[in-house]
Amino acid sequence: MKRTLCLLIFLLLSAPVLASDSSIVVMNTKTHIYHDPSCQWAKRCTKNCIKTTRDKAISRGARPCKICGG
Ligand SMILES: [Zn+2]
């Protein structure tokens with residue numbers, strides 16, 4: 001009984017790690033680089049950039065920005 005409880009707590013604690021990253025990023029559709037919304041390059045990019053989630057940007061083959069780290 002105690003072991004089952006421990007397993008349940010373990011599963012609950014590890015759940016957020018397994019969840020996909022749905023934080024908002026700014027993705028450049030031309031260069032396929034995504035930025036944190038606070039990044040200077042994200043603010044400068046208005047023409048080819050779209051707001052999306054990090055996991056969607058990665059699934060579209062985008063790479064993180066070297067300055068802000070995505
Ligand atoms: Zn950036």
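Keep in mind that what you see is a predicted model, and the values were worked out from it rather than measured. (Residues numbered from 1 in each chain as written. Predicted model: local features only at pLDDT ≥ 70, side-chain atom pairs only at ≥ 80, totals over all residues. Heavy atoms only, no water.)

Quick notes on the side chain of asparagine 28
Operational definition: Only runs of H or I of at least four residues qualify as helices and only runs of E of at least two qualify as strands under DSSP, and these elements are numbered from the N terminus. Polar contacts, as used here, are pairs of N or O atoms within 3.5 Å; protein pairs need one atom able to donate a hydrogen and one able to accept it. Residues neighboring in sequence count only if both atoms are side-chain atoms. Here a residue-residue contact requires only that any non-hydrogen atoms of the pair lie within 4.5 Å.
By the element assignment, asparagine 28 lies in strand E1 (residues 24-28). A distance of 2.8 Å separates a polar atom in the side chain of asparagine 28 from the backbone nitrogen of lysine 30. Ignoring anything within four residues of it in the chain, the contact list for asparagine 28 reads Ile33, Cys45, Asn48 and Cys49.

Notes on the side chain of threonine 52
Definition in use: When accessible area is computed with a 1.4 Å probe and restricted to protein chains, residues below 20% of their type maximum are described as buried, those above 50% as exposed, and intermediate ones as partly exposed.
With respect to the helices and strands, threonine 52 occurs in strand E3 (residues 49-53). Residue threonine 52 is classed as buried on the basis of its relative accessible area of 13%. Among residues more than four places away in sequence, those in contact with threonine 52 are Ser23, Ile24, Val25, Met27 and Ala57.

Thoughts on the coordination of the zinc ion
As a reminder of what qualifies: Note that water is not among the atoms used; donors are N, O and S atoms within 2.8 Å of the metal (3.2 Å for Na, K and Ca), so sites may look incomplete. Metal sites are grouped by the angles between bound donors: all angles between 85 and 135 degrees with four donors is tetrahedral, opposite donors over 155 degrees apart with the others between 65 and 115 is square planar for four donors and octahedral for six, and any other pattern is irregular.
Within the protein, the zinc ion binds to His35 (ND1), Cys39 (SG), Cys65 (SG) and Cys68 (SG); these donor distances fall in the range 2.1 to 2.5 Å. Considering all four donor atoms around the zinc ion, angles at the metal cover 95 to 132° and the coordination shape is tetrahedral. We note that the donor set of the zinc ion lies within a single chain, spaced as H-x3-C-x25-C-x2-C. A residue pair is termed long-range when its members are at least 10 positions apart, and histidine 35 in strand E2 (residues 33-35) and cysteine 65 in the segment after strand E4 (63-64) qualify at 30 residues. This pair shows no difference in class: histidine 35 is buried, exactly as cysteine 65 is.

Treat this as a map of the structure, not an account of what it does.
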